[in-house]
Amino acid sequence: MKEAAPGDASPTVGVPRDYRLLVPREWFRIDLMQDRWRAQLKTYVDRQAEGRRVPAELQQDVWATLRNTAEAGRARGAMEFFLLTTTRNGGLPASLLVSLMPLGNTPADPDKYAAWLELREPEGPGRRKVSVVDLPAGAAVRVLGATTLNVHALMPGGVGYLTLSFSAPLTGMSGPMERLCDAMAGSLRWVV
């Protein structure tokens, strides 16, 4: 495993200056805070197609989808984008987008935030499961869907939520993938 952000972490009530997150080595990291993130993303897509019979059209579609995801994430405070190839045909990878969400109109209490999110979930079979979980880093709101898992970890000091947005479009978010994503979320620590 590698650390997404270096530093020593310890539980505290002060405002953290950073975070640590353990991510398996197989996940390719793209730093969305750097201007070179598009080149990093292109490198990832090219490496995944290398030595495989990936049609150019599929490669371009994957590149465009991932680029659009990264750009939309950056517009909402995303800082890092991690990608894991789960197929041999060059299709969409599993991903993790790490974002900072300032409190604004968002409830600072995780129980109230979970209730607020629950009210916005549409009825039906695709309804996501909203719960509050205790992580070593503190209380977090967990939102599980068929192919997604979002973990909104309340940051100490009332800064906001650090959001870990996992997506597994091909394998789905169940079984080993769900356990892996939960383990990554459980590794979150604050750096003071």
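In the block above lies the structure referred to throughout.
Being a predicted model, the structure only gives us computed values, none of them experimental.

Moving on, we get to the pattern of salt bridges. Enumeration according to the criterion identifies nine salt bridges in this entry. In this structure, Arg-128 engages Glu-121 in a salt bridge whose closest nitrogen and oxygen atoms are separated by 2.7 Å. Classification of Arg-128 by relative accessible area gives partly exposed; the value is 28%. Its salt-bridge partner being Arg-142, residue Glu-178 comes within 2.7 Å of it at the nearest N-O pair.

Take the sheet that holds strand E6 (residues 94-102) next. The sheet built from seven strands is open, its strands ordered E4-E5-E6-E10-E9-E8-E7 with antiparallel pairing. Edge positions in the sheet fall to strand E4 (28-31) and strand E7 (129-135), since each has one partner strand and no second. Here the average twist between neighbouring strands, direction ignored, is 20 degrees. As paired elements, strand E5 (residues 78-84) and E6 share six bridges and run antiparallel to each other. The partner of Leu-83 across the bridge, within E6, is Ser-95. Packing against the sheet, helix H4 (residues 175-186) makes contact with E6, E7, strand E8 (138-144), strand E9 (148-154) and strand E10 (160-167), and its axis sits at approximately 155 degrees to E10.

Let's shift gears to the packing of aromatic side chains. Tallying each qualifying case throughout the model produces three aromatic pairs. With centroids separated by 5.3 Å and ring planes inclined at 45 degrees, the aromatic side chains of Phe-28 and Tyr-44 adopt a geometry described as tilted. One end of the pair, Phe-28, is in strand E4; the other, Tyr-44, is in helix H1 (residues 37-49), and 16 residues separate them in sequence. Under the relative-accessibility criterion, Tyr-44 is labelled buried at 3%. One aromatic cluster is present, formed by Tyr-113, Trp-116 and Tyr-161 through successive ring pairs.

With that settled, consider the nonpolar core. In this structure, Leu-96, Val-98, Leu-162, Leu-164 and Phe-166 are the most contacted members of the largest nonpolar core, which totals 29 residues. Elements with a minimum of two residues in this core: E5, E6, E8, E9, E10 and H4. The element best represented in this core is H4, accounting for four residues. For Phe-166, the residues in contact, after removing those within four places along its chain, are Ser-95, Leu-96, Thr-147, Thr-148, Leu-149, Asn-150, Met-173, Cys-181, Met-184 and Ala-185. Counting 15 residues, the second largest nonpolar core, distinct from the first, contains Val-45, Ala-70, Phe-81 and Leu-83.

Looking only at helix H3 (residues 110-120), the buried set comprises Pro-110, Tyr-113, Ala-114 and Leu-117. Angularly, the buried residues of H3 cover 100 degrees about the axis, an arc narrow enough to put them on a single face. Exposed positions of H3 whose direction lies more than 90 degrees from the buried face are Asp-111, Lys-112 and Leu-119. Contacts made by the buried residues of H3 are with E6, E7, E8, E9 and E10. You can read the cap of H3 off the contacts: a side-chain oxygen lies 3.0 Å from the backbone nitrogen of Asp-111, and it is on Asp-109.

Definitions and limits used
- Residues numbered from 1 in each chain as written.
- Predicted model: local features only at pLDDT ≥ 70, side-chain atom pairs only at ≥ 80, totals over all residues.
- Heavy atoms only, no water.
- Salt bridge = Lys/Arg side-chain N within 4 Å of Asp/Glu carboxyl O.
- Buried < 20%, exposed > 50% of the residue type's maximum accessible area, 1.4 Å probe, protein only.
- Pairing = 2+ DSSP bridges.
- Helix = DSSP H or I, 4+ residues; strand = E, 2+ residues; numbered from the N terminus.
- Axes fitted to C-alpha atoms, helices over the stretch in contact; angles between N-to-C directions.
- Contact = heavy atoms within 4.5 Å.
- Phe/Tyr/Trp six-rings, centres within 6.5 Å; stacked < 30°, edge-to-face > 60°.
- Core = buried A, V, L, I, M, F, W, Y, C linked by side-chain atoms within 4.5 Å.
- Arc of directions from axis to C-beta.
- Polar contact = N/O pair within 3.5 Å; in protein donor to acceptor, adjacent residues only side chain to side chain.

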